[in-house]
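# A closer look at the structure
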Amino acid sequence: MIILNKKYLFSLISLIALSLLLAACGEEEGTTWKFITEEVDGQVQYEYAEEFANRISDKTDGEVTVEPYEYGGLGSEVDQVQSLQDGAVELAVMSPGFTGNMVKEGQIFALHFLFPDSVETTQEILNTSEALNTDLRERYEEHDITPLSFWTEGAMQWTSNAGIQEPADFEGLKMRVQESPLMMASYEAYGAAPQALSWSELYTGLDRGTVEGQENPIFFIYDAAFHEVQDTMTISNHNNYVAMTTVNTEWYNDLSDEYKEIVDETVAEMQDWVFEEQNTQNEDFLTQMQEDTEHPTEIIELTEEQRAAFREAALPVRDFYVNEVSEVDGAIYNKLLEEIQAATE
């Protein structure tokens, strides 16, 4: 028989009580996942993160809290990529353009006129493409980033003071691009002088003439007030702004089966939700731009003949991607091109 003195017994009981209290507090506080975005409150990516957070909370009965971060809360776009890789955050919405120097194949989204004119068909391809959801995903996972989905934030348009209507209008234009050699090659093909710049510096850059043009979906152009420092917007629909819902690979692989299933299920559900969100925002902000008398913007809508001229000028950049950018001899590009053709036949 082991006999405990009163002092030791009291200490043991106190230790057990403290352990139970800490365990109870841990259960009450639950788990927090950080979710970073490249946009701010009200814009598509941040709204996506908030909706995702609400759904995760509901499905886990509040056991998991997803904490969305606006752009800038954890540094620049490049800083955010590093945070995800390092596991400092668990989830991120990011543009492949800001990972272009790391995952070469991800620059594929910068190819102009690659995806169909229909944004809805483009989203269907992003949902189902094996080239993207399997092959490209594997390339990212080599860098501790797992893309769980790809989705469009809408067709891209050009703003400038030049009134872009033909490739010659780009001649010498200082065009802002992301950190992507392919984006630079795309605008060099039009005769522009592309310059990489973070979007946090873009408004000031346009205002001061450091850069003279930029591309983005309509909602972002208006909500970021670029129309205040640009005279024209050209409806070119030359590309889609593709975002990725990504997670830290090690964190994701270490999730319990239950949590992993909840994450995967929620990501899949969000594809339809975010398509409707971007569509609504792009339509609403186009109307606001058209009705804005304080900062009137000339809106130029390219004809199919005008778009064909840009498409022809952009075609050689595909060879640049296959021969100079791709590390798999264009295998992902070729498979994606077959998938796009099958979806549009």
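Counting starts from 1 at the beginning of each chain's written sequence and moves along it residue by residue. For a predicted model such as this one, the threshold for reporting local features is a pLDDT of at least 70, and the threshold for listing and counting side-chain atom pairs is 80 or more; totals across whole chains, interfaces and linings nevertheless cover every residue. No hydrogens and no water enter the side-chain calculation; it runs on all heavy atoms of the structure.

## Observations regarding the overall build of the protein chain
Here is the rule: Runs of H or I in DSSP of at least four residues are treated as helices and runs of E of at least two as strands, each being numbered from the N terminus. Each residue is assigned to one of three classes by its accessible area relative to the maximum for its type, calculated with a 1.4 Å probe on protein chains only: buried under 20%, partly exposed between the two thresholds, exposed over 50%. For this analysis, residues touch if any pair of their heavy atoms sits within 4.5 Å. We get accessible surface area from the Shrake-Rupley algorithm with a probe of 1.4 Å; when it comes to residues, only the shown protein chains can shield them. Lys and Arg are tallied as positive, Asp and Glu as negative. Neither His nor the chain termini are counted. For this purpose, a charge sits on NZ of Lys, CZ of Arg, CG of Asp or CD of Glu.
Along the protein chain, the regular secondary structure elements total 13 helices and 11 strands. With the C-alpha coordinates aligned to their principal axes, the bounding extent of the protein chain is approximately 95 × 50 × 35 Å. Per-residue burial for the protein chain yields a buried fraction of 50% across its 345 residues. Considering only intrachain contacts with a sequence separation of at least 6, the fraction spanning at least 24 residues in the protein chain is 75%. Total accessible area on the protein chain is roughly 15900 Å²; 46% of this is exposed by carbon and sulfur atoms. In the protein chain, the 16 positive side-chain charges and the 69 negative ones have mean positions that sit 8 Å from each other.

## Re the sheet that holds strand E2 (residues 64-69)
Through backbone hydrogen bonds, the strands of a sheet pair up, either in parallel or in antiparallel fashion. The following threshold applies: Pairing between strands is defined by DSSP: at least two bridges between the two strands are required. Geometry is summarised by axes, namely lines fitted to C-alpha atoms with helices restricted to the contacting stretch, and by angles between N-to-C directions that run from 0 to 180 degrees.
Overall, mixed pairing links the 5 strands, which are arranged E2-E1-E3-E10-E4 in an open sheet. Single-partner strands in this sheet number two, and they are E2 and strand E4 (145-155). Put simply, the sheet's adjacent strands are angled 20° from each other on average, direction ignored. Sheet analysis places strand E3 (residues 91-94) next to strand E10 (residues 240-248), joined by 4 bridges and oriented antiparallel. Looking at E10, one finds that Ala92 is bridged to Thr246. Contacts between helix H2 (residues 44-59) and the sheet are confined to strand E1 (31-36), E2, E3, E4 and E10, with E2 contributing the most and set at about 175° to the helix. Sitting on the sheet, helix H5 (residues 130-141) is in contact with E4 and E10, with an inclination near 120° to E4.

## A short note on the nonpolar core
Just so we agree on the cut-off: Working definition of a nonpolar core: buried Ala, Val, Leu, Ile, Met, Phe, Trp, Tyr and Cys residues. They are joined through side-chain atoms within 4.5 Å.
Within the largest apolar cluster, 48 residues are counted, with the highest numbers of intra-cluster contacts made by Ile108, Phe109, Leu114, Trp158, Phe170 and Leu336. At 5 residues, helix H13 (residues 331-344) tops the list of elements feeding residues into this core. If near-sequence neighbours (up to four positions away) are discounted, Leu114 is found in contact with Ile108, Arg318, Tyr333, Leu336, Leu337 and Ile340. In terms of nonpolar packing, the next biggest core, distinct from the first, is built from 43 residues, Val66, Tyr71, Trp199 and Ile262 among them.

## With respect to the sheet that holds strand E8 (residues 213-216)
Sheet architecture is open: 4 strands sit in the order E8-E5-E9-E11, paired in mixed fashion. This sheet does not close on itself; its edge strands, each paired only once, are E8 and strand E11 (298-301). Adjacent strand axes in the sheet meet at a mean angle of 20°, parallel and antiparallel pairs treated alike. Relative to E11, strand E9 (residues 232-235) runs parallel, the two sharing 4 bridges. Of the residues in E11, the one forming a bridge with Thr234 is Ile300.

## Thoughts on unusual backbone geometry
The phi angle at Asp61 is positive, at roughly 55°, despite the residue not being glycine. With respect to the helices, strands and loops of the structure, Asp61 is situated in the loop between H2 and E2. In this structure Asp61 comes out as exposed when scored by relative accessible area, which is 74%. Of note in this structure, Phe113 is not a glycine but carries a positive phi near 60°. In this structure, Phe113 sits in the loop between E3 and helix H4 (119-128).

## Observations concerning H4
This is how it is decided: Each polar contact in these results corresponds to two N or O atoms within 3.5 Å; when the atoms are within protein, one needs to be able to donate a hydrogen and the other to accept it, and residues that are neighboring in sequence are counted only if both atoms are side-chain atoms.
For H4, the complete set of buried residues consists of Val119, Thr121, Thr122, Gln123, Ile125 and Leu126. Those residues of H4 that are buried lie in contact with H5, E4, E10, helix H10 (257-291) and H13. Two or three places before Glu120, at the opening of H4, Ser118 has a side-chain oxygen 3.4 Å from that residue's backbone nitrogen.

## What to know about the pattern of salt bridges
Pairs may arise between side chains of opposite charge once their charged atoms sit close together. Heads up, the condition is: Counted as salt bridges are all cases of a side-chain nitrogen of Lys or Arg within 4 Å of a carboxyl oxygen of Asp or Glu.
Going through the model one piece at a time under the given rule, you end up with 11 salt bridges. When the shortest N-O distance is used, the salt bridge between Arg55 and Glu269 registers 3.2 Å. Note that Arg55 is positioned in helix H2 and Glu269 in helix H10, a separation of 214 residues in sequence. Here Glu269 makes a salt bridge to Lys59, at a shortest N to O gap of 3.0 Å. Remark: Lys59 occurs in helix H2 and Glu269 occurs in helix H10; sequence separation between them is 210 residues. Ionic contacts of the salt-bridge type, sharing partners, join the residues Glu51, Arg55, Lys59, Glu265 and Glu269 into one network.

## Observations concerning the environment of Asn54
Structurally, Asn54 can be placed in helix H2. Here the alpha-carbon distance between Asn54 and Glu327, two residues 273 residues apart in the chain, equals 39 Å.

## Quick word on the packing of aromatic side chains
How we decide: Within 6.5 Å between ring centres, the rings of Phe, Tyr and Trp (the latter by its six-membered ring) count as paired, and their orientation is classed by plane angle as stacked under 30 degrees, edge-to-face over 60, tilted in between. Consider the ring centre and the ring normal. A charge sits over the ring if Lys NZ or Arg CZ is within 6 Å of that centre and within 35 degrees of that normal.
In total, this model carries 22 aromatic pairs according to the counting rule given. Here the guanidinium or amino end of Lys260 rests over the ring plane of Tyr252, the centre of that ring lying 4.9 Å away.

## A short note on a negative patch on the surface
Operational definition: Without a salt bridge and with relative accessible area above 30%, a residue can belong to a patch; like charges are then joined within 9 Å and nonpolar side chains (Val, Leu, Ile, Met, Phe, Trp, Tyr) within 5 Å.
Residues Asp58, Asp61, Glu63, Asp257, Glu258, Glu261 and Asp264 make up a contiguous surface patch of negative charge. Here the element with the most residues in the negative patch is H10; it accounts for 4 residues.

## What to know about the environment of Lys260
Looking at where Lys260 falls in the secondary structure, it is placed in helix H10. Considered as a pair, Lys260 and Ala49 are 211 residues apart in the sequence and their alpha carbons are 17 Å apart. In this structure Lys260 touches Tyr252, Asn253 and Leu255, once residues within four positions along its chain are discounted.

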